Amino acid sequence: MSTVDEDGYSSRCDLCDTEVIQSMTELLLRGLATASVDSTTGDIFKSASSVAISVKAELANYLLMRTEALVRECVDGHEDHSDQLMKASTRPTEFLSDLIDDFVASKRNMMSHVSGFLSSESRLNKIKDFMQKMQMENVWTQDVRKATAETILESIDMKCIFHCPERFGEQDKLVDHRSQCKFRVVNCKNDGCSASFSAIHIEEHDSICPFKALPCHQLCEQHVMRCEMDRHCATVCPMKLINCPFYHVGCETAFPQGNLDNHCSKLLQTHMLYVLQATTRQNATVNDMNQRLQLLEKAQSLNEMSGALDVRSLTLIIKEQEAKIKKLERDIKTQEAKMKKLEDEFRSRNA
């Protein structure tokens, strides 16, 4: 934490990486909830709530003592502890998580060691529910956990990766520095985003911020928020590729939807030709179907009916032919409906 001189002001910039501090404060709350639940499992006289205050004090003291001991042994020249401290300096949340796991393990009672309990869904739900309860009741406030996390972080951050070690002899210089410090808290400048973070993460946040306005991926003239880009490109973007409305009659051109009117105007005669050709093909198809129907009827009377040995066989043959005729009728109606739709679209385009 910051030091205070005789003049009464902090001479050290005590700003830390807010993202790391936030992660550490969450670990502290979860550690307290886990230790409280595990230490009272199966105990009819105690509950997690009844021991939380005392466990909180034990946990905070344990973490600070373990951290101080590691730093002290490193200073004394213990090579093993020096390596451990350097690892903690680069991965502080992992270091804190390991310490909390050690503390929680020491608080488990006999019932919590029952096979399967530690990984049971019931235990995890109890821990989650108790965390929420402690937050509502301010058992361990955010500010107090933040102060504990900052103390631990500043002790182990030997490379000053996650906190600022700068010191100043004058109040004005300290104030000026904090206004420019890379660990100062800043707000995202993108409209609609309420995120705040240490200035060191500005570029990182900007690269993923869902409210960041970006040039359209399909190179239209608009700037679109990152979170809206996919929808924009798939729906309203004038550069979205679409098929010609006369695609089904032969025009297989694809173009940006903003060019639809221009395309239809330039190829008006071509589209008319496609429609006429489709109409001709449709008439030919209808005639062909009529001819096939007549052939089927003739085949029915000359071949299949002559080969029928009894009333049942004849009945089956008639039903099969009726089904074929109905299918042909449906196909003809479908083709006629498609042609009607194409003619209506063509008239509306040229109205």
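See the structure shown above.
Bear in mind the structure is a predicted one, so any value in this text is a computation, not a measurement.

*Asks:* Mind showing me how you'd approach the nonpolar core here?
*Replies:* Across soluble globular proteins, you tend to see nonpolar side chains buried next to one another. The biggest cluster of nonpolar side chains holds 38 residues, and the ones touching the most others in it are Leu63 and Met134. Those elements giving two or more residues to this core turn out to be α1 (18–40), α2 (48–75), α3 (79–90), α4 (92–107), α5 (121–137) and α6 (142–156). Leave out the neighbours within four places in its chain, and Met134 touches Leu29, Leu32, Ala33, Ala52 and Val139. Formed by 11 residues, the second largest nonpolar core is a distinct cluster that contains Ile242, Phe246, Phe255 and Ala278.

*Asks:* What am I meant to see in the side chain of His232 here?
*Replies:* Looking at where His232 falls in the secondary structure, it is placed in helix α9 (residues 229–234). Setting aside anything within four residues of it in sequence, one finds His232 in contact with Cys216, Cys220, Gln222, Val224 and Cys237.

*Asks:* Just checking my understanding: could you explain the environment of Leu260 for this structure?
*Replies:* One can find Leu260 in helix α10 (residues 260–266). Counting along the chain gives 16 residues from Leu260 to Cys244, while the straight-line C-alpha distance between them is 7.7 Å.

*Asks:* Explanation requested: α4 in the structure shown.
*Replies:* Since there are 3.6 residues in each turn of an α-helix, residues three or four apart along the chain are aligned in direction. The first and last C-alpha atoms of α4 sit 23 Å apart over 16 residues, in line with the 22 Å expected at 1.5 Å per residue. When α4 is considered as a whole, its buried residues turn out to be Pro92, Phe95, Leu96, Leu99, Ile100, Phe103 and Val104.

Scoring rules and cut-offs
- Within any chain, residue numbers begin from 1 and follow the written order of that chain's sequence.
- Confidence filtering applies because this is a predicted model: local features only for residues at pLDDT of at least 70, side-chain atom pairs given and counted only at 80 or more, and all residues used for totals across whole chains, interfaces and linings.
- Excluded from the side-chain calculation are hydrogens and water; included are all heavy atoms of the structure.
- Working definition of a nonpolar core: buried Ala, Val, Leu, Ile, Met, Phe, Trp, Tyr and Cys residues. They are joined through side-chain atoms within 4.5 Å.
- Burial classification: accessible surface area is computed with a 1.4 Å probe over protein chains only, and a residue below 20% of its type maximum counts as buried, one above 50% as exposed, and the rest as partly exposed.
- The helix and strand labels rest on DSSP assignments: H or I over at least four residues marks a helix, E over at least two residues marks a strand, and numbering proceeds from the N terminus.
- Should any heavy atoms of two residues lie within 4.5 Å, those residues are considered in contact.
- Here the expected span of a helix is defined as 1.5 Å times the quantity of residues minus one.

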